[in-house]
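# Structure assessment
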Amino acid sequence: MGAKSEKSRILLTGAVGQIGSELAMALRARYGGQNVVAAGHKTEPEAELRDSGPFVYLDVTRRDMIREVIDEYRINTIYHLAAILSAVGEEKPQLTWQVNLDGLVNVLEMAREREMSQVFWPSSMAVFGPDTPKHDTPQETILRPTTMYGVTKVSGELLCDYYVDRFGLDVRGVRYPGIISSQTLPGGGTTDYAVEIFYEALKNQRYTCFLERDTVLPMMYMPDCIRATLMLMDADFEQLEHHADFNLTGFSFSPEELAAEIRKHMPAFEIEYEPDYRQQIAESWPCTIDDSAAREEWGWKPAYDLSTMVEDMLEKLEQRMGD
Ligand code: SER
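First, a word on scope: everything that follows refers to the structure included in this document.

Definitions and limits used
- All residue numbers refer to positions counted from 1 along the written sequence of the respective chain.
- Side-chain atom pairs in this predicted model are given and counted only at pLDDT of 80 or more, local residue features only at pLDDT of at least 70, and totals for whole chains, interfaces and linings cover all residues.
- Hydrogens and water are ignored here; the side-chain numbers use all heavy atoms of the structure.
- In this description a helix means any DSSP run of H or I spanning at least four residues, a strand means any run of E spanning at least two, and both kinds are numbered starting from the N terminus.
- The rule is simple: take the accessible area with a 1.4 Å probe, protein chains only, and divide by the maximum for that residue type; under 20% is buried, over 50% is exposed, in between is partly exposed.
- Working note: the arc is built from the helix axis to C-beta atom directions.
- Any two residues having at least one pair of non-hydrogen atoms within 4.5 Å are treated as being in contact.
- Buriedness of a pocket was judged along seven lines, with at least five required to meet protein on both sides within 12 Å; pockets are open sets of points on a 1 Å grid over the protein atoms alone, cavities are sets where a 1.4 Å probe fits but cannot get out, and lining residues have an atom within 4 Å of a point.
- Grid points are joined across faces, edges and corners, and a volume is the space filled by probe spheres set on the points.
- By the convention adopted, Pro, Cys, Tyr, Trp, Phe, Met, Ile, Leu, Val and Ala count as nonpolar, Lys, Arg, Asp and Glu as charged, and the other residues, Gly among them, as polar.
- Throughout this document, a residue counts as near a molecule or strand when at least one of its heavy atoms sits within 4 Å of that molecule or strand.
- Counted as a polar contact is a pair of N or O atoms within 3.5 Å, where, for protein atoms, one must be capable of donating a hydrogen and the other of accepting one, and residues adjacent in sequence contribute only when both atoms are in side chains.
- Each accessible area is a Shrake-Rupley estimate made with a 1.4 Å probe; only the visible protein chains count as cover when residues are assessed.
- If over half the atoms of a molecule are within 2 Å of the grid points of a cavity or pocket, the molecule is regarded as sitting in it.
- For salt bridges, the criterion is a side-chain nitrogen of Lys or Arg within 4 Å of an Asp or Glu carboxyl oxygen.
- By convention, a stacked pair of Phe, Tyr or Trp rings (six-membered ring in the case of Trp) has centres within 6.5 Å and planes under 30 degrees apart, an edge-to-face pair has planes over 60 apart, and any other such pair is tilted.
- Think of it as a cone above the ring: NZ of Lys or CZ of Arg counts as a charge over the ring if it is within 6 Å of the ring centre and within 35 degrees of the ring normal.

## Regarding unusual backbone geometry
One non-glycine residue, D136, lies in the positive phi region at around 50°. Of note, D136 is situated in the loop between strand 6 (123-124) and helix 6 (148-167).

## Some points on helix 3 (residues 63-72)
If you check which residues of helix 3 are buried, you get I66, V69 and I70. Along the long axis of helix 3, the arc covered by the buried residues comes to 100°, so they all point the same way. Opposite the buried face of helix 3, at more than 90 degrees from it, the exposed residues are E68 and E72. Of the surrounding elements, those touching the buried residues of helix 3 are strand 1 (10-13), strand 2 (36-40), strand 3 (55-57), strand 4 (77-80) and helix 5 (93-113). Once helix 3 ends, the next one or two residues include R74, with phi positive near 50°.

## Let's talk about the layout of surface pockets
Quantified by volume, the largest pocket comes out at close to 1200 Å³. Along its surface, the largest pocket is lined by 47 residues, and A82, A83, I84, L85 and G187 are the ones closest to its centre. The residue inventory of the lining of the largest pocket, partitioned by class, reads 22 nonpolar, 20 polar and five charged. Of the voids in this model, the second largest pocket is the one considered here, and its volume is about 260 Å³. What lines the second largest pocket is simply V16, S21, M25, T43, E44, E46, E48, L49, Q183, T184, L185 and R320. Secondary structure elements with two or more residues in the lining of the second largest pocket: helix 1 (18-31) and helix 2 (47-51). Classifying every residue of the lining of the second largest pocket by side-chain character gives four nonpolar, four polar and four charged.

## Description of the site of the ligand
Around the ligand sit L85, S86, S124, Y149, G189, T190, T191 and W285, and that is every residue in its neighbourhood. In the environment of the ligand, an oxygen atom lies 2.7 Å from a nitrogen or oxygen atom belonging to the side chain of S124. The side chain of T191 places a nitrogen or oxygen atom 2.8 Å from a nitrogen atom of the ligand. The fraction of the free accessible surface of the ligand (230 Å²) that becomes covered by protein chains is 93%. Among the cavities detected, the one that contains the ligand is the largest pocket.

## Here we look at the pattern of salt bridges
Summed over the entire model, instances satisfying the criterion amount to 19 salt bridges. Of the charged contacts in the structure, one is a salt bridge between E113 and R67, with a shortest N-O distance of 3.1 Å. Here E113, found in helix 5, pairs with R67, found in helix 3; they are 46 residues apart in sequence, far enough to count as distant. Judged by its relative accessible area of 28%, R67 falls in the partly exposed class. With a shortest N-O distance of 2.8 Å, R114 and D71 are connected by a salt bridge. In this pair, R114 is assigned in the loop between helix 5 and strand 5 (118-120) and D71 in helix 3, connecting sequence segments 43 residues apart. Classification of D71 as partly exposed rests on a relative accessible area of 38%. If you follow the salt bridges from partner to partner, you end up with R67, D71, E113 and R114 in one network.

## Some points on the side chain of S181
By the element assignment, S181 lies in the loop between strand 9 (178-180) and helix 7 (193-204). A residue is classified by how much of its surface remains accessible, and S181, at 1% relative accessible area, is buried. A polar contact of 3.0 Å, which involves the side chain of S181, links it to the side chain of Q18. A polar atom in the side chain of S181 sits 3.1 Å from the backbone oxygen of T184. Excluding anything up to four places from it in sequence, S181 contacts Q18, E22, V195, M222 and M313.

## So, the packing of aromatic side chains
Two numbers describe a pair of aromatic rings. These are the distance of the centres and the angle of the planes. In total, this model carries eleven aromatic pairs according to the counting rule given. Look at Y163 and F167: their rings are 5.0 Å apart centre to centre, the planes differ by 55°, and that puts the pair in the tilted class. Note that Y163 and F167 are positioned in helix 6 at a spacing of four residues, about one turn of the helix. Taking relative accessible area as the criterion, Y163 reaches 7% and is therefore assigned buried. Their ring planes at 85° and their centres at 6.3 Å tell us that Y193 and F210 sit as a pair that is edge-to-face. One end of the pair, Y193, is in helix 7; the other, F210, is in the loop between strand 10 (206-209) and strand 11 (217-221), and 17 residues separate them in sequence. For Y193, a relative accessible area of 0% gives the class buried. The class of F210 is buried, set by a relative accessible area of 6%. Joined through ring pairs, the aromatic side chains of Y79, F120 and Y176 make up one cluster. Sitting over the face of the ring of F167, R112 holds its NZ or CZ atom 4.9 Å from the ring centroid. Above the plane of the ring of F210 lies R278, whose end atom (NZ or CZ) is 3.5 Å from the centre.

Take a look at the structure:
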């Protein structure tokens, strides 16, 4: 496994989302625009995504729709990113179960039925809960999340591992930390503040944060997120001990520390704190994560830290907002 030709017909669900929109372009650059079918649900794709290869509307809770797309485009690899995140998950727990888990079962079943080469499915640091050690959270530890999002991610990890063991399907995934990006806004997550803050800083020089000043969470900058995803998919399957549940992190910080870093570039920037229900979600997650399994099994190492991420974010957003 691992030859590029075997992975050359890709379906990417969640392609209009924060990670999907950038992963789509990275996959198209690698495998050719026509070989990467980007699938969204309701949101319109940006012109760049729509014009660089096939785009389809897909409801992942409908197995027949997934089958049609797979057959029409002769798909042999799926990156299944469509999901509801943690904050919306608490507003709509039943829908979150349906989209996140029924959607995953559908994708895995289709992958089994149509003998796919590979499936990528993202888990999250949300698999951890209040009983999990908060510092240097180990790879193998207590998984008792208190959010519906976390419940779907733990169940999803078990399901993916089941398909690896029982059916020999090549399923891989990481537990993403909060992802910070300059292109597409995140939607419905608890770590979204770490992206919103940049837009507000540039527009109004002030931001009201929905988390407390000292809430430390693990995060990662988008270029590292894309690189990690592709690195894991390129790894030799035989070398992997874990499959769909790799701990992964870039760096950790609190809102206060992020604000101080932004202030180095923008001395007038001010931040206030008005924590809401998302504070409780954040408090149930780790502060720092031990990702040594990813480092050992497929050579993971992040390139960005807090200060290089902030510098790059401000530069990219200033350019985009000035256009
Ligand atoms: N960024 C996600 C969220 O906040 C965590 O996986 O829901």
